[in-house]
Amino acid sequence: MELIANLTLQGVQMLVVLALAPGLTGLVRKIKARLMRRRGAPVWQPYRDLARLLKKEVVLAENASWLFRVSPYMVFAATWVAAALVPTFAIGLQFSWTADLIALVALLGSARFFLALAGMDVGTSFGGLGASREMMIGALAEPAMLLMVFTVALVAGSTQLSNVVAFTASGEVGIRISMGMALIALIIVALAENARIPVDNPATHLELTMVHEAMVLEYSGRHLAMIELAAALKLLLYMALIGCVFVPWGIAPASAGFFGLVSGFLLFLVKLAAGGAMLAVFETAIAKMRVFRVPDFLGVALMLGLLGTLLLFVSRSL
Amino acid sequence: MIEIAVAIAACLLALSLAATAMRGFALAPAALYAGSALLCLGLAVLGGVFLATQAETSSLSIPVGLPWLGAHLRLDALSAVFVLLLGTGGGAASLYAIGYGRHEHEPHRTLPFYPGFLGAMTLVLLADDAFTFLVSWEVMSLLSWALVLTHHREEETRGAGYLYLVMAGFGTMMLLLAFGLLAGAEGGYDFAAMRAADRSPGLAALVLALMMVGAGSKAGLMPLHVWLPVAHPAAPSHVSALMSGVMTKVALYGFVRVAFDLVGAVPWWMSVPVIVLGAVTAVMGILFANTGGDGKRVLAYSTIENIGVIFAAFGLALAFKANDMQALAALALTAGLIHALNHMAFKSLLFMVAGAVLNATGHRDLDRLGGLIHRMPKTAVLALIGVTAIAALPPLNGFVSEWLLFQAVLQSPNLAQPGLQFLVPAAGGLLALAAALAAACFVRFYGVIFLGRARSDAARDAGETDRWSLAAMGGLAALCVLAGIVPGVLIDLVAPAVMQLAEARMPAQEANSWFTLIPVAEVHSSYSGFLVMVFIAISGGATAWLVHRLASKRLRRSAAWDCGFPNADPVTQYGAGSFAQPIRRVMGPLLAARETVVMPPPGDSAPARHEASTEDLAWSRLYLPLIAAVVAATTRMNALQFLTIRRYLSLVFASLILLLTGLTIWN
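Every chain begins its residue count from 1, and numbering advances along the sequence as written. Key to labels: chains lettered from A, ligands numbered from 1, both in the order written. In keeping with the predicted nature of the model, local features appear solely for residues at pLDDT of at least 70, side-chain atom pairs appear and are counted solely at 80 or more, and the whole-chain, interface and lining totals rest on all residues.

J.: Please set out the overall build of chain A residue by residue, giving values where relevant.
T.: Here a strand is any run of E in DSSP of at least two residues, a helix any run of H or I of at least four, and the numbering for each starts at the N terminus. If you tally the helices and strands in chain A, you get eleven helices and one strand. Helices and strands appear in chain A in the N-to-C order α-α-β-α-α-α-α-α-α-α-α-α. Structurally, chain A occupies a C-alpha span of about 55 × 45 × 40 Å along its principal axes. The proportion of buried residues among the 318 residues of chain A is 61%. Counting other C-beta atoms within 10 Å of its own, a residue is labelled buried from 20 upward, exposed at 12 or fewer, and partly exposed in the gap between, with every C-beta atom placed from the backbone.

J.: Pulling in residues and values, what's your account of the packing of helix 13 (residues 326–361) of chain B against helix 20 (residues 487–502) of chain B?
T.: All names here are of chain B. The interhelical angle for the contact between helix 13 and helix 20, taken along N-to-C directions, is 125°, at an axis separation of 9 Å. Of the possible angle classes, the one that applies to helix 13 and helix 20 is oblique. Regarding helix 13 and helix 20, the two cross each other, and that crossing is right-handed. Here Q326, A329, A330, L333, T334, L337, I338 and L341 of helix 13 come into contact with helix 20, specifically with L490, I491, V494, A497, V498, L501 and A502. The classification used treats Ala, Val, Leu, Ile, Met, Phe, Trp, Tyr, Cys and Pro as nonpolar, Asp, Glu, Lys and Arg as charged, and all other residues, Gly among them, as polar. The residue inventory of the contact of helix 13 with helix 20, partitioned by class, reads 13 nonpolar, two polar and no charged. The axes used here are C-alpha line fits, helices contributing only the stretch in contact, and every angle between their N-to-C directions lies in the interval 0 to 180 degrees. Throughout, the term roughly parallel applies to angles under 35 degrees, roughly antiparallel to angles over 145, roughly perpendicular to angles from 65 to 115, and oblique to all others. For any pair of crossing helices, the crossing counts as left-handed if the nearer helix is rotated counterclockwise from the farther one by less than a right angle, and right-handed if it is rotated clockwise. Two residues form a contact once the distance between their C-beta atoms, set from the backbone, is within 7 Å.

J.: Any chance you could break down the interface of chain B and chain A for me, citing the residues and the numbers?
T.: Contacts between the two partners involve 73 residues from chain B and, on the opposite side, 72 residues from chain A. Put simply, the parts of the chain that give the side of chain B that touches chain A at least two residues each are helix 14 (372–375), helix 16 (397–410), helix 17 (418–450), helix 21 (529–551), strand 3 (555–558) and helix 22 (576–586) of chain B. Ranked by residues supplied to the side of chain B that touches chain A, first place goes to helix 17 of chain B with 15 residues. Residue composition of the side of chain B that touches chain A, grouped by class: 43 nonpolar, 23 polar and seven charged. Taken together, the four bridges between strand 1 (residues 58–61) of chain A and strand 3 of chain B define a ladder with parallel strand orientation. Bridging from a neighbouring strand, V58(A) pairs with L555(B) of strand 3 of chain B. Whether two strands pair comes down to DSSP finding at least two bridges between them.

J.: Explain the pairing of strand 4 (residues 594–598) of chain B to me, using residue names and the numbers behind them.
T.: All names here are of chain B. Counted residue by residue, strand 4 has zero buried out of five residues, so it is predominantly exposed. The sheet contact formed by strand 4 and strand 5 (residues 609–613) spans five bridges and is antiparallel. The residue bridging T596 from the neighbouring strand is E611, located in strand 5.

J.: So what about the environment of A282(B)? Which residues, and what values?
T.: All names here are of chain B. By the element assignment, A282 lies in helix 11 (residues 271–291). Expressed as a C-alpha distance, the spacing of A282 and I307, which sit 25 residues apart in the sequence, is 7.1 Å. Beyond its immediate chain neighbours, meaning those up to four positions away, A282 contacts E305, G308, V309, A312, L430, L431 and A434.

J.: If you had to explain helix 12 (residues 295–322) of chain B to someone new, which residues and values would you point to?
T.: Side chains of residues three or four places apart in an α-helix project in the same direction, reflecting 3.6 residues per turn. Residue and element names in this part refer to chain B. By definition here, a helix of n residues has an expected span of 1.5 Å times n minus one. Compared with an ideal rise of 1.5 Å per residue, which puts 28 residues at 40 Å, helix 12 spans 41 Å between its outermost C-alpha atoms and is within 8% of the ideal. Across the 28 residues that make up helix 12, a large majority, 28, are buried. Of the residues trailing helix 12, D324 is marked for its positive phi of about 60°.

Dropping the structure here:
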């Protein structure tokens, strides 16, 4: 009985992240539009887009291989599994021990790997351009993320997200410089990984600065829907990650009852909305940077991650 | 069990002689490779059974070699791990060679050396005295040198062979000094005597430093790596697979044997150079792999990276061991050993893929390939498994060992020395960087070879490789997947060796549910490759099924979109050089990257030129000056050849006096 309840909870978590992800993207777009004094599309527009794309036929380039057709599902599945492993409204879920933070980073790496391969499959210049830049950004973002993981793991004594959250939510942490550095590093990495301004512009096409969009240029129909959904899931994943590690309050503990879960869920919605609003404000306030300024930007994350880790070696209480 | 192992090694050496006798028979290559494959299979089974049954160490003494010493041979858990590795890698390479060898124009240049090379490597692993070890090591070096020179008519190969010979000689000399110091003034050359002897910390550190140079030069540790990226690719592909996948591991075995077993207690500060060199080697190796344009050279540079990772793991284990933290030393050591096994699997696989592509198209140059996923579909699938594994992506095996290593890095706050406490996380950052760069490197490798459009006629008309090769590659790919989803089996398998070296082992993994890995305690960390695989398969499969069932499954083929301006010329695709450009630019100073653009003056119709180059700073800053110094010194000394007999006599007399004086002062 308990097992069934636990499995249900895990299933609910998977469906929740899937259902909320497009909404978060829509919310960010809406707020950005309002900040630019446009009316903007409704918040549920991404859902409509996905439904429309799913129903359309796929137009496939003549020399596209099976890898091109499988990749969207691979990317989606890897991202979805990763997102399902981040505590959103509750911790201690049935499969939370399957993969720790390091494995989570690597799962996202798998998604990026297949997306970049798909970008090179058709053999167009844009696809290769996107893939090579994405891998360059990834090569710098991933170590920064791992160093940030080191910091968090050293503070919490675990790389297991549920345990990390249980520790940070317990209030034992207090305010630490190293955690502050890890937060900034994580935000920088999140901006880069989600192809947001200032690293990439999710709204551009036909611009030499685009990275993510250049890779998926050849996709259409259901394949494009899968990739868009994966991108939305990734944004949600990073928001949830920042939320659960750095503002863990209200998250339902392992033994929480029904009301604990509901309040955890409502608080999660509030956190998502707040995160989305902050992202929109940040994106509106800042300009996109040149591609070769991005390494400097990510270098800051790398250094902050390393400094955060080293500070912990100076004193465990910093 | 040692008798069986020695018998197999002797059979392999005998096969070499048989190969000389069988020269000219049409069936000889297939028969010899099949024989090697079976013998290697025997070795793999032997190693596996030894570890699985936790058999007793068995030793053997044969009265050959030095009269007062004889040849001591011994099979213990550590040897067994590497015998398993050698058997698997050698077996796969031999199976592959049955098919691949048919394309060899001069099989008699490979055949007599190939089984002997395997046999010599086996003897290195079994040796139990310094003399047997060094002789086997030298035979291994010389035979592999002969194999590198298979295509000796190519200028480049001859240069590579010469460089390899010099570096191998240098490495063996360092080993000779290391073993000399280990044996001490009494000359206890068998390993049992070395184990029993007491050494000062300084002497232990010196021995370890010499081993790092000697074994490191064979394994490809920076800055002693310069021969590796030229020699490994020059050999035929099954030999490249053996050299990269197996011989580098034999070198690592030498290091582990001395560092953890023979030399005794090592001072903690000696772990610092091992960790630092390992981490730096990892990053620099993979950076060069990211920029090279020759497929097999990319793989060779990636071997350097992986050797760096393994050395860093061993360095970490040394640090833990020096601090009496046996459990953590066991964790780091397991990570290193598992990574060695994993690297054997995926690097051999990828070298075989490169060989299959080379056979099918005649090209090693990435910029002449492309689109082979259509022409060689089976090879493409196996290669995809290989690149995913080597890029350390879950749920395959490369990730497991990286993950274990990161878990060991995270335990570094327990170390007592502040220097190490700071160093280890920084090294962890470098290793993370190397892992991420490896992903970039192998997207490029796979993307340029297998994806996109063909860049040459040869690539457009290529055909699938033969069944023997596919079987060998398939076996290794299956190992990559299995070791990724049930890594606990492998960890428990190497546990006796770890127990022997670190006096502790990782917790037994076999009882964990869902094949989960728990390195320290579940509270700290856990990872289940099996479940990750299952989850991805279920969620991806179910989504694809639902989408096709409920939404749309219509599909239309059409021209590529490419923002409305598709270009028919395959040259407009991203190639090896253009894909590397962002990383080359970002990491420019480390690679000494230079880009020059020559623009014709306005009105001139001459083509503009763009050239990009990178340079190995170790070669230009360290080796070239060294070579220049040696050449200058030898030119000077050349004068000594043309003296009169009187001068020679006085020279002899003077040196005698000098030596005697020196001896007198010494006493």
